[in-house]
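Here is what each chain is made of, one letter per residue.
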Amino acid sequence: ERRARQRLRAPAASPTHRTFDRAALPARARQYVPTDAGRVQGAITSALNQPHGMFATEPLAGDALTLEYVEPADGPVGELRLQQVVHACRDSLAQDGDSKRSAGSTKSGWCNINVNCPLGANWQDQKRSVARLVMGGVLCSGALINNTAQDSRQFFLTANHCYSGSPSAWVFQFNYESPTCSGTTGSPQSVSGSILKARGPVSDFCLVEITQQIPSSYDVYYSGWSRSTTPSTTSTGMHHPQGDFKKICQDTDSALTASFGGAPCWRVADWEQGVTEGGSSGSPLYDQNKRIVGQLYGGQAYCGFLFNDYYGWNSSVTVLNM
């Protein structure tokens, strides 16, 4: 076997996210990423090769980690070039006061509700659509969304203002949730790489297609959607506030129409249960029929003030067989 090893150290750093701009692993090659904190990511294999040659890993905590690469001595030589290491520091990006995008992963506010609490009991299919989105040092949320052909193409909806870096290096982390209502542990299931399909400020939407095949073991779900301009009678959101485990929130009143940042939006006047925070941007808003009607643009709500969140309308977006 041929082996290569590179150690990276960043004292007192927050979780790190690594991007490779040339990744072409031959058959039977494998990469591991052990950290001093005791976690090992991998094995990363040729199954993750992408046509664009890029690959990104999920964030790993710890002051130091080691990249370990192994390939058969009797096979072709692979390519693996590290482009950058990004620290998910809270001060890495200046954010607008009303933004729901997060530049760091910390524990969310006390009033957030785990998706596997009783409130989420009737949302066990839709929750499997929702993922944490890692774009370098930026964290947002979003969801897999069905298309008109209903052929399971891996379209993912998030917010336009979340767009950061190259979509080919984005990491999508599904099933990052506590299995219980009060639990504080859980592990994400990640894929990386996507292609931009459409984005714009009209309703603050961004639609990408995930290029890495999502393993069947992830058991993901493709949420339905509606372009109706009739306000929903109840509104339910699922998201990753501050990059935390998946949470659920609900407003039992009718949604209101409003403008936010110049975009037509659905306004959630007040949350009866749960709330959103930084990192929740791009997360889906579901109507009473469990269809996505918008994605989170921004707002003022937090655990001490449960009022005024805004979701860009789906009325200007159609998820076609692109």
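A brief structural summary. Here, residues in each chain are numbered from 1, in the same order as that chain's written sequence. Given that this is a predicted model, residues contribute local features only at a pLDDT of at least 70 and side-chain atom pairs are listed and counted only at 80 or more, while totals for whole chains, interfaces and linings are drawn from all residues. Side-chain measures were taken over the full set of non-hydrogen atoms in the model, leaving aside hydrogen atoms and water.

## Overview of the sheet that holds strand β10 (residues 138-144)
Turning to step 1, where the next piece is worked out: At least two bridges found by DSSP between two strands is the condition for calling them paired. Secondary structure elements are defined from DSSP: runs of H or I of at least 4 residues count as helices, runs of E of at least 2 residues count as strands, and each element is numbered from the N terminus. A sheet is described by the order of its strands in space; here seven strands give the open sequence β13-β12-β9-β10-β11-β15-β14, paired in antiparallel fashion. In the strand order of this sheet, the two ends are held by β13 (189-192) and β14 (194-200), each with one partner. Pairwise comparison of adjacent strand axes, ignoring direction, gives a mean angle of 30° for this sheet. To obtain each axis, a line is fitted to C-alpha atoms, and for helices this fit is confined to the stretch in contact; angles are then taken between N-to-C directions over 0 to 180 degrees.

## Let's talk about the state of the cysteines
Turning to step 1, where the next piece is worked out: A pair of cysteine sulfur atoms is labelled a disulfide when the two atoms are within 2.5 Å. All told, the structure shown has three disulfides when counted by the stated rule.
Turning to step 2, where the next piece is worked out: The disulfide partner of Cys 111 is Cys 303, and the gap between their sulfur atoms is 2.2 Å. Looking down the S-S bond of the Cys 111 and Cys 303 bridge, the torsion is -95°, so its handedness is left-handed. Note that Cys 111 is positioned in the loop between β7 (79-87) and β8 (113-114) and Cys 303 in the loop between β21 (292-299) and β22 (307-313), a separation of 192 residues in sequence. Across the pair, Cys 303 and Cys 111 agree in class, each one buried.
Turning to step 3, where the next piece is worked out: The disulfide partner of Cys 140 is Cys 162, and the gap between their sulfur atoms is 2.1 Å. Looking along the S-S bond of the Cys 140-Cys 162 disulfide, the torsion reads about -90°, which is the left-handed sense. Separated by 22 residues along the polypeptide, Cys 140 in strand β10 and Cys 162 in the loop between β11 (155-159) and β12 (171-174) bring together distant segments of the chain. Think of it in three bands: with a 1.4 Å probe and only protein chains considered, a residue is buried below 20% of the maximum accessible area for its type, exposed above 50%, and partly exposed in between.

## Focus on the packing of aromatic side chains
Turning to step 1, where the next piece is worked out: Working definition: a ring pair exists when centres of Phe, Tyr or Trp rings (six-membered ring for Trp) sit within 6.5 Å. Plane angles under 30 degrees give stacked, over 60 give edge-to-face, the rest tilted. Summed over all chains, the structure comprises eleven aromatic pairs.
Turning to step 2, where the next piece is worked out: With a centroid separation of 4.9 Å and an interplanar angle of 70°, the aromatic rings of Phe 305 and Phe 307 are classed as edge-to-face.
Turning to step 3, where the next piece is worked out: Accessibility expressed as a relative area gives 39% for Phe 307, which makes it partly exposed.
Turning to step 4, where the next piece is worked out: One aromatic cluster is present, built from ring pairs that chain together Phe 156, Phe 172 and Phe 174.
Turning to step 5, where the next piece is worked out: By definition, being over a ring means that NZ of Lys or CZ of Arg is both within 6 Å of the ring centre and within 35 degrees of the ring normal. The cationic tip of Lys 290 hangs over the ring face of Trp 123; the distance from NZ or CZ to the ring centre is 5.3 Å.

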